[in-house]
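A closer look at the structure
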Amino acid sequence: LINILGLCSLFTVMFAAVFIQLFSTTRSGARMEGGKVHPTSKTASFDTFSDAMKTLFQMVIGDEWMILMDDNGVEFPFCTPRFAKSSDPSDAMYYYEGPDYSWGDCGSSAAYLTFPFFIIFCQAILLNLVIGMILDNFSFITDQVGEIAHPDWSSGATSTQIRDLAEIFERHSKGAQFLPLWAVSALLRDMPEPIGFRLVDNPSVVLWGGRERTAEKLIRAQLNIYARQRVKDWQDAHRTGAASIVFRLKSLLLRFRSSREEGNLGYTDFHEFLLTAVCWRRPAMLPVFVKQSRWRMFKELVLTFSGLIVKDTVAQGLALRHQKDTNRAVASLAEFRRWAIQDTHAASRSQFRRREKLVRTQRQLTNAVYRGIKEIPPVAIIEIDLESLEVEPEGMIGHHDSVRGEAHFRFPQPINGIQWFRKQAAKNKVVLRFVDARNCNIGLVLADFTKCDWGGWHEEGDSEHFNYFFKPQVLKKRADVDDVAWVDVRFVMRASAKVG
């Protein structure tokens, strides 16, 4: 209805411009008041644009348009063809003493063509279009009362079915107007038949056979073609250069007829999606001219369809590979956790960390200086290379024997072992063995700690549980003290080492 009213207004403006050009200086008549003669008592005039629009409105409603046609069709000798002094004494303008003009107050014989044409066009065509649109809306309302919803859309889709599809589309687009193309596949699986793949009678069942896979890729291919064309049109409309005026006009048309922004060019809306889905799921519902327009993109559609097959195959292969890697990592982590629960030293370390966290929480509740303490980033990172060893080196002394023998600790404590390790590691290479189930197959490795100064590391534990740990101070003791500079020590297996 708005489009038809806009069309009526457009043609009325065009006729107003034509009538002003032809009849703006016509003399007064039975209904016509010449604007140059009686500017204060006009009932119909084409002197100005506003007067012309009012006069045309009177003609549309049938207000004595025949009299207006006769008034504007007046010709010589009942009018003056030109206001200019004449040299002929028999001419009435011989006695004219005003300025000379190139026009007079005569009308035009074209009035007997333009007036009937305007009346026929406006009253017989445009007004009937408005009335037809109103009656069509009333028929749509009455049709909705008796419409029957068929699950297979055999008699067309009802407003309720379209509304249900729109709600599903809105749920997948999270309330937005546009939906990304990668989400179309999930949308089709969620929509009921015949547009989607979910059974109407049993919504828990989703059909995913050969026909559904083909239809899904064809719908995605056509939507990708639309998106690619929008991007191309947008890029062409924003070109610069000597020939850019055509593209600037195209840009104005794009902004006028489309509500899409540049970021939404690769997305689809509900109208475009539904029309494309109907094309491939219910082609019998489409008009012939729509089918013909889609045949023009058949070659591009086949190429895009083939590209989607390749893309989905590669993506499926990568997904399976990623799934295997993830399952392998999860299984390795689960195995490590089972070992950590059973291992005495790992369990002791976990208990110590839980007690340390509990003490820190209790301090935060009683004193504000222990609150708001965040982890301090390391000032440097030191990488310790681990070189795989096939056999145990000759002359190697075990750590426990070295503490008891060389350090002369007859009854060594856990803290003595840490202190002796730091002293010996500063001048000797150290042989290590992985004891956890995840890395135990690596075997022996040789590490060089001689260049590691262990900045910010300290021994921490309690003599009550006979547990001491060598760890960096990543948290401050109190919030009002300065940060502690500590280095991060990381182990790196060499490329020649065995992989576990």
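Refer to the structure above for everything that follows.
Every chain is numbered on its own, with residues counted from 1 as its sequence reads. Local features are withheld for residues below a pLDDT of 70 in this predicted model, meaning they are given only at 70 or higher, and side-chain atom pairs are given and counted only at 80 or more; totals for whole chains, interfaces and linings count all residues. The basis for every side-chain value is the complete set of non-hydrogen atoms in the structure, without hydrogens or water.

Topic: the layout of surface pockets
Looking at the second largest pocket, its volume works out to about 400 Å³. Of all the secondary structure elements, the ones that give two or more residues to the lining of the second largest pocket are helix 6 (184-190), helix 7 (210-237) and helix 11 (298-342). At seven residues, helix 11 tops the list of elements feeding residues into the lining of the second largest pocket. Lys, Arg, Asp and Glu make up the charged group, whereas Ala, Val, Leu, Ile, Met, Phe, Trp, Tyr, Cys and Pro make up the nonpolar group; the residues left over, Gly among them, are polar. Residue composition of the lining of the second largest pocket, by class: six nonpolar, four polar and seven charged. In the cavity and pocket records, a cavity denotes points on a 1 Å grid over the protein atoms alone where a 1.4 Å probe fits but cannot get out, a pocket denotes an open set with protein on both sides within 12 Å along at least 5 of 7 lines, and lining residues are residues with an atom within 4 Å of a point. Grid points are joined across faces, edges and corners, and a volume is the space filled by probe spheres set on the points. Only DSSP runs of H or I with at least four residues qualify as helices, and only runs of E with at least two residues qualify as strands; both kinds are numbered from the N terminus onward.

Overview of the state of the cysteines
Sulfur atoms of two cysteines make up a disulfide when they are within 2.5 Å. Enumeration according to the criterion identifies one disulfide in this entry. Here Cys79 engages in a disulfide with Cys106; their sulfurs sit 1.9 Å apart. With the S-S bond torsion at 100°, the cross-link from Cys79 to Cys106 turns out right-handed. Of the two residues, Cys79 is situated in the loop between helix 3 (65-72) and helix 4 (111-145) and Cys106 in the loop between helix 3 and helix 4; the sequence distance between them amounts to 27 residues. Only protein chains enter the accessibility calculation, which uses a 1.4 Å probe; a residue is then buried when its area is under 20% of its type maximum, exposed when over 50%, and partly exposed in between. We classify Cys106 as buried; its relative accessible area is 17%.

Details of the side chain of Glu212
Position of Glu212 relative to the elements: it lies in helix 7. We score Asp and Glu as negative and Lys and Arg as positive, and we do not count His or the chain ends. In the sections that follow, a salt bridge refers to a side-chain nitrogen of Lys or Arg positioned within 4 Å of a carboxyl oxygen of Asp or Glu. For the buried Glu212, which has no salt bridge, the nearest side chain bearing the opposite charge is Arg281, at an N-O separation of 4.7 Å. Whenever a nitrogen or oxygen atom comes within 3.5 Å of another N or O atom, the pair is scored as a polar contact, on the condition that within protein one atom can donate a hydrogen and the other can accept it, and that pairs from neighbouring residues in sequence are kept only if both atoms are in side chains. Within polar-contact distance, the side chain of Glu212 engages the backbone nitrogen of Gly209 at 3.0 Å. A contact between two residues is defined here by any heavy atoms of the two lying within 4.5 Å. Leaving out residues up to four positions away in the same chain, Glu212 has contacts with Phe197 and Leu207.

Observations regarding the sheet that holds strand 3 (residues 380-389)
Strands are labelled as partners when DSSP assigns at least two bridges between them. Read across the open sheet, the four strands follow the order 4-5-3-8; overall the sheet is mixed. Single-partner strands in this sheet number two, and they are strand 4 (430-433) and strand 8 (487-493). Taking each pair of neighbouring strands and ignoring which way they run, the sheet shows an average axis angle of 35°. Think of each axis as a best-fit line through the C-alpha atoms, taken over the contacting stretch in the case of a helix, with angles from 0 to 180 degrees between the N-to-C directions.

A short note on the packing of helix 1 (residues 2-23) against helix 2 (residues 49-60)
For the pair helix 1 and helix 2, interaxial distance at closest approach is 9 Å and the crossing angle is 115°. The angle between helix 1 and helix 2 places the two elements in the roughly perpendicular class. The crossing of helix 1 and helix 2 is right-handed. When helix 1 is examined against helix 2, the residues Thr12, Val13, Phe15, Ala16, Phe19 and Ile20 are found in contact with a partner set consisting of Phe49, Ala52, Met53, Leu56 and Met59. Oblique is the label for every angle not falling under 35 degrees (roughly parallel), over 145 degrees (roughly antiparallel), or within 65 to 115 degrees (roughly perpendicular). Should the near helix be turned anticlockwise from the far one by less than a right angle, the crossing is left-handed, and should it be turned clockwise, the crossing is right-handed.

What to know about the pattern of salt bridges
Counted by the stated rule, this structure contains 15 salt bridges. The partner of Arg328 in a salt bridge is Asp325, with the nearest N and O atoms 3.0 Å apart. One end of the pair is Arg328 and the other is Asp325, both in helix 11 and three residues apart, which spans about a single turn. Using a relative accessible area of 53% as the deciding quantity, one classes Arg328 as exposed.

Some details on the packing of aromatic side chains
Between the rings of Phe, Tyr and Trp (Trp by its six-membered ring), a pair exists once the centres lie within 6.5 Å; its type follows the angle of the planes, with under 30 degrees stacked, over 60 edge-to-face, and the other angles tilted. Per the stated rule, a full pass over the model turns up 24 aromatic pairs. For the pair Phe15 and Phe117, a centre-to-centre distance of 5.9 Å together with 45° between the ring planes defines the contact as tilted. Of the two residues, Phe15 sits in helix 1 while Phe117 sits in helix 4, which places them 102 residues apart along the sequence. Summarising the aromatic geometry, the rings of Trp457 and Phe470 are spaced 5.4 Å apart at their centres and angled 50° between planes, so their arrangement reads as tilted. Of this pair, Trp457 sits in strand 6 (residues 457-462) while Phe470 is found in strand 7 (residues 467-472), placing the two residues 13 residues apart along the sequence. In this structure, Trp457 and Phe470 share a single accessibility class: buried. Ring-pair connections join several aromatic residues into one group, and the members of that group are Phe11, Phe15, Phe19, Phe23, Phe46, Phe115, Phe117, Phe118 and Phe121. Here Arg189 stacks its cationic end above the ring of Trp208, 4.1 Å away from the centre of that ring. As a reminder, the over-ring test applies to NZ of lysine and CZ of arginine, requiring each to be within 6 Å of the ring centre and within 35 degrees of the ring normal. The positively charged end of Arg478 is found above the aromatic ring belonging to Tyr370, 5.7 Å away from the centroid.

Things to note about the pairing of strand 5 (residues 444-447)
Residues of strand 5 alternate between two faces, with Leu444 and Leu446 on one and Val445 and Ala447 on the opposite face, all of them buried. Across four bridges, strand 3 lies against strand 5 in antiparallel orientation. By the bridge assignment for strand 5, Leu386 is matched with Ala447.

A look at the nonpolar core
Each nonpolar core is a collection of buried residues, namely Ala, Val, Leu, Ile, Met, Phe, Trp, Tyr and Cys, held together in the definition by side-chain atoms within 4.5 Å. The biggest cluster of nonpolar side chains holds 32 residues, and the ones touching the most others in it are Val184, Met191, Ile195 and Phe273. Counting residues per element, the ones that place at least two in this core are helix 5 (159-172), helix 6, helix 7, helix 9 (270-281) and helix 11. Broken down by element, the residue count for this core peaks at seven residues, all from helix 7. When near neighbours in sequence (up to four residues on either side) are disregarded, Val184 contacts Leu179, Ile219, Arg220, Leu223, Thr268 and Phe273. Ranked by size, the runner-up nonpolar core spans 24 residues in total, among them Leu56, Trp65, Ile119 and Phe121.

Things to note about unusual backbone geometry
Cis rather than trans, the peptide bond between Phe76 and Pro77 has omega equal to 20°. Assignment of secondary structure puts Pro77 in the loop between helix 3 and helix 4. Within the chain, Glu64 stands out as a residue other than glycine whose phi angle is a positive 50°. Position of Glu64 relative to the elements: it lies in the loop between helix 2 and helix 3.

Structural notes on the packing of helix 11 against helix 12 (residues 344-366)
Close contact between helix 11 and helix 12 brings their axes to 5 Å; oriented N to C, the two are set at 85°. Taken together, the axes of helix 11 and helix 12 are roughly perpendicular relative to one another. The residues of helix 12 that touch helix 11, namely those facing Trp339, Ala340, Ile341 and Gln342, are Thr344, Ala346 and Ala347.

Without other data, these values stay purely geometric and don't point to any function.
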